[in-house]
Amino acid sequence: MAGYGHRHPSVTVIVRAHDAAATLNRALNCLAAQTQRGLQVLVVDAASTDEAKRMLATAEERDAMLECLHIDSESASDCFNLGLERAEGTYAFLMDATDTLAPRTLEELYEVAEEGSLDLAMAAVANNARQVAADGPSPYVYADDDAFHAEAWKYFDAGLLPFPCGKLFRMDRVRKSGAKFASDGGTAFMAAFLMDAHGVAYVRDAIYNAGDFCLSASLAWDLSHCWTDEHEQDLLDNLFAHWGMDEDSQTRRMLQRRYVTNVITTIVSTCSPACDLSEDEKRAHVERIITSDKTQKIASEAAPWSGVVRAMLMPIRRKDVDLAMGEGRIISWISRHTTTLGFQLFS
């Protein structure tokens, strides 16, 4: 592969692959096309049951700089934690085997990070439905940490944070922060990494194409995705408090939007046919969420920003479980028949 071969890698790319036979070659080819030199590629097979294992074995034989690891877990968190333990590069870049990069993405991120001695360089994220990008020039390098802290809310609001893929992380900062992935989609890792990170840039021209990146209400449900958003909210509250931004109005509004969105998404997912809980278990799950003190406090303060949110906030504020579930079923049905409704939660 064109970018491989340096003794000390510039960037370690950690790829999570679970049953990714259909997309694995595309992901590896996009890495081979990267213009950045000195890459180390670690592909972590996450308990695949398809042809991915055989394909990885063949690819590893073909290229000595490609290392394949195997774990008995489908968890992205376990994959990324293992990859970070094995990373030898100055920076780490995380991706899924369903995703791709524009050819100059890693080079653009690396050049900006190196020039400014930055801990984090973020790419724009795109999928089939839309591109998630923040406004402003590209690259935009924050002059100091306080300047980033004051504008961090907009990257969370856009969905670029705490999403961990499509970003270049300085490995020295990863190690110093003790950042680890937990079962929360990357929030614990990002909160720990960002807490005392020095130097951040956003490179809008660097594109990360996330095939599974979803900004809409999830239609799937399983017990591993039980309600953890109060913990996520606590992590973010602590992060912004550490930065002295907990009383900033834009930051508070963003945190409220995130929490309310997660509440609504969880209700809709629980009311989806994909949820295999009994009706009594579904009801108890929704009741526990909407009657919690944190949910009630945030719901009472949050201003609705879309018709979907307005419709759902009413039963949440009233602690009306039956109405919340009824509206959740309607939204779930509509979401399964349209690709646009989910975006109303974020727009």
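Just so we're clear, the structure is a prediction, and the values are computed from it rather than from any experiment. (Residues numbered from 1 in each chain as written. Predicted model: local features only at pLDDT ≥ 70, side-chain atom pairs only at ≥ 80, totals over all residues. Heavy atoms only, no water.)

Engineer: Quick one: what's the story with the overall build of the protein, residue by residue and with numbers?
Structural biologist: A tally of helices and strands in the protein yields 13 helices and ten strands. Partitioning the intrachain contacts of the protein with sequence separation of at least 6 by distance along the chain shows that 80% fall at a separation of at least 24. (Helix = DSSP H or I, 4+ residues; strand = E, 2+ residues; numbered from the N terminus. Contact = heavy atoms within 4.5 Å.)

Engineer: Lay out the packing of aromatic side chains with the relevant residues and their values.
Structural biologist: Tallying each qualifying case throughout the model produces 16 aromatic pairs. Centroid distance phenylalanine 80 to phenylalanine 181: 5.3 Å. Interplanar angle 50°. Geometry classified as tilted. Of this pair, phenylalanine 80 sits in helix α3 (residues 76-86) while phenylalanine 181 is found in the loop between α6 (171-177) and α7 (187-195), placing the two residues 101 residues apart along the sequence. Here the two residues phenylalanine 80 and phenylalanine 181 agree in accessibility, since each one is buried. Their ring planes at 15° and their centres at 6.2 Å tell us that phenylalanine 189 and phenylalanine 193 sit as a pair that is stacked. Taken together, the residues span about one helical turn, with phenylalanine 189 and phenylalanine 193 both in helix α7 at a distance of four residues. You can call phenylalanine 189 buried: its relative accessible area is 0%. (Phe/Tyr/Trp six-rings, centres within 6.5 Å; stacked < 30°, edge-to-face > 60°. Buried < 20%, exposed > 50% of the residue type's maximum accessible area, 1.4 Å probe, protein only.)

Engineer: Which residues make up the nonpolar core, and what values go with them?
Structural biologist: Counting 84 residues, the largest nonpolar core has Phe93, Phe148 and Leu194 as its most contacted members. Among the nonpolar cores identified, the runner-up in size contains 23 residues, and Val263, Ile264, Val321 and Met325 belong to it. (Core = buried A, V, L, I, M, F, W, Y, C linked by side-chain atoms within 4.5 Å.)

Engineer: Give a detailed account of the pairing of strand β9 (residues 167-170), specifying residues and quantitative values.
Structural biologist: Of the two faces of β9, the one carrying Lys167 and Phe169 and the one carrying Leu168 and Arg170 are both buried. Two strands pair when backbone bridges link them, and strand β6 (residues 120-126) and β9 are joined in this way by three bridges, in the antiparallel orientation. Directly across from methionine 122, in β9, lies its bridge partner lysine 167. (Pairing = 2+ DSSP bridges.)

Engineer: Lay out helix α10 (residues 279-290) with the relevant residues and their values.
Structural biologist: Taking 1.5 Å as the rise per residue, α10 with twelve residues should run 16 Å; its terminal C-alpha atoms sit 17 Å apart, in good agreement. Of all the positions in α10, only Lys282, His285, Val286, Ile289 and Ile290 are classed as buried. Down the axis, α10 shows its buried residues gathered within 120° of arc, on one side only. (Expected span 1.5 Å × (residues − 1). Arc of directions from axis to C-beta.)

Engineer: Now, about the pairing of strand β3 (residues 66-71): what can you tell me, with residues and values included?
Structural biologist: Pairing geometry for strand β2 (residues 39-46) and β3, over six bridges, is parallel. If you follow valine 41 over to β3, its bridge partner there is leucine 66. In this view, the connection linking β2 to its parallel neighbour β3 by way of helix α2 (residues 52-62) has right-handed handedness. (Right-handed = clockwise from strand over helix to strand, strands pointing away.)

Engineer: Could you give me a rundown of the pattern of salt bridges, with the residues and numbers involved?
Structural biologist: If you walk through the whole model with that rule in mind, you get 19 salt bridges. Notably, a salt bridge pairs arginine 283 with glutamate 287, separated by 3.8 Å at the nearest N-O pair. Linking arginine 283 with glutamate 287, this pair stays in helix α10, spanning four residues, or about one helical turn. Residues glutamate 301 and lysine 297 are paired through a salt bridge, measuring 3.0 Å at the closest nitrogen-oxygen approach. With glutamate 301 and lysine 297 both in helix α11 (residues 293-301) and four residues apart, this pair spans about one turn of that helix. Note on glutamate 301: relative accessible area 37%, which makes it partly exposed. Residue class for lysine 297 comes out partly exposed when judged on its relative accessible area of 48%. Taken together, the shared-partner salt bridges in this structure form one network comprising Glu114, Asp119, Arg170 and Arg173. (Salt bridge = Lys/Arg side-chain N within 4 Å of Asp/Glu carboxyl O.)

Engineer: Quick rundown of the confidence of the model for the protein? Include the residues and the values.
Structural biologist: In this model, the protein carries a mean pLDDT of 88, and residues with pLDDT of at least 70 account for 88%. Low pLDDT (under 50) marks residues 213-226, which in the prediction has 37 contacts with non-local residues, meaning those over four places away or in another chain. (pLDDT = per-residue confidence, 0-100.)

Engineer: Now, about the side chain of threonine 105: what can you tell me, with residues and values included?
Structural biologist: Relative to the helices and strands, threonine 105 resides in helix α4 (residues 105-116). Not counting chain neighbours up to four residues away, the residues in contact with threonine 105 comprise Gln34, Ala123, Ala206 and Ile207.

Engineer: Summarise the packing of helix α9 (residues 249-270) against helix α12 (residues 307-318); cite the residues concerned and give the values.
Structural biologist: α12 packs onto α9 with a crossing angle of 85° between their chain directions and a minimal axis gap of 11 Å. Classed by the angle they form, the pair α9 and α12 counts as roughly perpendicular. Touching Val260, Val263, Ile264 and Ile267 of α9 are Val309, Met312, Leu313 and Ile316, all from α12. Tallied by class, residues from the contact of α9 with α12 come to eight nonpolar, no polar and no charged. (Axes fitted to C-alpha atoms, helices over the stretch in contact; angles between N-to-C directions. Parallel < 35°, antiparallel > 145°, perpendicular 65-115°, else oblique. Nonpolar A, V, L, I, M, F, W, Y, C, P; charged D, E, K, R; others polar.)

Engineer: Let's hear about unusual backbone geometry: which residues, and what values?
Structural biologist: Residue leucine 161 is joined to proline 162 through a cis peptide bond whose omega torsion reads 5°. Secondary-structure assignment places proline 162 in the loop between α5 (145-158) and β9. In this structure, aspartate 19 takes a positive phi of about 45° despite not being glycine. With respect to the helices and strands, the residue aspartate 19 is situated in the loop between β1 (11-17) and α1 (24-32). Given the relative accessible area of 33%, aspartate 19 is considered partly exposed.

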